2 protein chains.
Amino acid sequence: MLKVDLQMIENERAKFLRHLAKAGRRVSHGREIIFDEVMRSHGHFTAEELVKECLQKKLKVSRPTVFRVLNDLLEAGIIRETAFGDKHRHFEHVYDEKPHHHAQCIRCHNFIEFPDRKEDKIYHQYLEKQGFKILGHEMHFYGICKDCQLKEV
Amino acid sequence: MLKVDLQMIENERAKFLRHLAKAGRRVSHGREIIFDEVMRSHGHFTAEELVKECLQKKLKVSRPTVFRVLNDLLEAGIIRETAFGDKHRHFEHVYDEKPHHHAQCIRCHNFIEFPDRKEDKIYHQYLEKQGFKILGHEMHFYGICKDCQLKEV
DNA sequence: TTAGCATATGAGATACTGTATCATTAAGAA
DNA sequence: TTCTTAATGATACAGTATCTCATATGCTAA
Ligand SMILES: [Zn+2]
Ligand SMILES: [Zn+2]
Ligand SMILES: [Zn+2]
Ligand SMILES: [Zn+2]
């Protein structure tokens, strides 16, 4: 989960600028605005949420630019895309995070994170025995969070 | 994984007919065609694949009907929906299957299945301690399958 | 400062998956 | 065969993401 940490934000900004410089891209208005907005967001977010936030705040960025900068941030290793069973693109911050999985509440759609355990290795062995080269894995629990259970009738 | 098994298909067809009768629905042309097409498909499939298959074979069914019958088959317990990190609806057959997870090849998009192990329980304990009520979970590995590794340059 | 070029951007079109509407067709009972 | 009702397809639509391309902007070199 994201703690506000100005030093970290500056580190990430430096990383972003280095990436842009190396790729011969410019530090444009859109990239600065959206970088700031992403850094302000906590935990997980979707592309749509970010677009809506920018429109509400009347930031001078368009929908395609949001998606373009999200791709820049992915390339720069500042955010990571996480797959879920819906039609939205989900992202989360990379910094200061240990490998973890997600549990999502089907009512409020919030996430709980839990650390990756080496017990998953038993599956690795099984797959590797079949010649499958593992590049990654995600575990996704779904259910009802504590708060939403309390709200139940 | 699906073995062609005529007896099983007849069992599933009977189950489908029972379900339709109980719900007061008709055994229509579209339902028969799409049931057959689903039974012909092996393993996992998406709604889009099924639609394309029907169009290619010039079967007399429309896109909305494919989706409607998929919902019928879900209700009847003949197929089950599985969530993946893309924007497609994924389905698989229910019969003769034990709880399992999926590994998907990023090249050919085929699936390998592996059985669910009780080692996942360690995550259950963690989440339940936080008051999260678990309704289900999926584990999704991605990587490169044996065949695609052999095809590499 | 200015000119010139390459990149970034936004408006709008487009792709793609999935649903909703509704007039028409067809299943199944009598 | 007739009648009632469910099923269907054509079409429009919703929602997310991407593409196109003319224009705007940042950057570099005079
Ligand atoms: Zn909740
Ligand atoms: Zn996370
Ligand atoms: Zn493969
Ligand atoms: Zn499966």
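Residues numbered from 1 in each chain as written. Chains lettered and ligands numbered in written order. Predicted model: local features only at pLDDT ≥ 70, side-chain atom pairs only at ≥ 80, totals over all residues. Heavy atoms only, no water.

What follows covers the protein's contact with DNA strand D. Around DNA strand D there are 20 residues in total, and Arg89 of chain A together with Ser28, Arg31, Ser62 and Thr65 of chain B lie nearest to it. Backbone atoms, meaning sugar plus phosphate, form 64% of the atoms of DNA strand D positioned within 4 Å of the protein. One nitrogen or oxygen atom from the side chain of arginine 26 of chain A is found 2.8 Å from a base nitrogen belonging to DNA strand D. Between a sugar or linking oxygen of DNA strand D and a main-chain N or O atom of lysine 87 of chain A, the distance comes to 3.3 Å. Only α3 (47–56) and α4 (63–75) of chain A together with α2 (29–40) and α4 (63–75) of chain B provide two or more residues apiece to the surface near DNA strand D. When the residues that make up the surface near DNA strand D are grouped by side-chain class, the tally is 5 nonpolar, 5 polar and 10 charged. (Near = heavy atom within 4 Å. Polar contact = N/O pair within 3.5 Å; in protein donor to acceptor, adjacent residues only side chain to side chain. Helix = DSSP H or I, 4+ residues; strand = E, 2+ residues; numbered from the N terminus. Nonpolar A, V, L, I, M, F, W, Y, C, P; charged D, E, K, R; others polar.)

Here we take up unusual backbone geometry. We note that histidine 109 of chain A has phi near 65°; this positive angle belongs to a residue other than glycine. With respect to the element layout, histidine 109 of chain A can be found in the loop between β4 (100–105) and β5 (111–115). Unusually for a residue other than glycine, lysine 58 of chain B sits at a positive phi of about 55°. Mapping lysine 58 of chain B onto the fold places it in the loop between α3 (47–56) and α4.

Attention now moves to the domain arrangement of chain A. Residues and elements named next belong to chain A. Along its sequence, chain A is carved into domain 1 (6–93) and domain 2 (100–152). Taken over C-alpha atoms, the centre of domain 1 sits 25 Å from the centre of domain 2. Carbon and sulfur atoms supply 61% of the area that domain 1 and domain 2 bury against each other, a total of about 600 Å² over both sides. Area buried by domain 1 at its contact with domain 2 is led by His44, Ala83 and Phe84, which between them contribute 67% of it. Linking domain 1 with domain 2 are 0 salt bridges. Counting every contact that joins domain 1 to domain 2 gives 5 residue pairs in polar contact (both at pLDDT 80 or more). For the side of domain 1 that touches domain 2, the secondary structure elements donating two or more residues are β2 (79–82) and β3 (90–93). It is β2 that provides the largest number of residues to the side of domain 1 that touches domain 2, a total of 3 residues. (Domains from an automatic or database assignment. Buried area = accessible area lost by both parts, 1.4 Å probe. Salt bridge = Lys/Arg side-chain N within 4 Å of Asp/Glu carboxyl O.)

It is worth spelling out the environment of histidine 19 of chain A at this point. Residues and elements named next belong to chain A. With respect to the helices and strands, the residue histidine 19 is situated in helix α1 (residues 6–22). As for histidine 19 and glutamate 32, which are separated by 13 residues in sequence, their C-alpha atoms are 14 Å apart. Once you skip the residues sitting within four places of it in the chain, histidine 19 turns out to touch Asp72, Glu75 and Ala76. At 3.2 Å, the side chain of histidine 19 and the side chain of glutamate 75 are in polar contact. (Contact = heavy atoms within 4.5 Å.)

Turning our eyes to something else, we now look at the sheet that holds strand β3 (residues 90–93) of chain B. All names here are of chain B. Spatially, 3 strands are ordered β1-β3-β2 in an open sheet, and the strand pairing comes out antiparallel. The open sheet has two edge strands, β1 (44–46) and β2 (79–82), and neither has a second partner. Strand-to-strand twist across the sheet, computed as the mean angle between neighbouring axes with direction ignored, equals 35°. Pairing between β1 and β3: 3 bridges, direction antiparallel. When the bridges of β3 are listed, phenylalanine 45 appears paired with phenylalanine 91. This element, α4, spans β1, β2 and β3 of the sheet and lies at about 105° to β2. (Pairing = 2+ DSSP bridges. Axes fitted to C-alpha atoms, helices over the stretch in contact; angles between N-to-C directions.)

Attention now goes to the pairing of β5 of chain A. Summarising burial for β5 of chain A: 4 of the 5 residues are buried, a large majority. Hairpin connection from β4 of chain A to β5 of chain A: 5 residues lie between these consecutive antiparallel strands, with histidine 109 of chain A at a positive phi of about 65°. (Buried < 20%, exposed > 50% of the residue type's maximum accessible area, 1.4 Å probe, protein only.)

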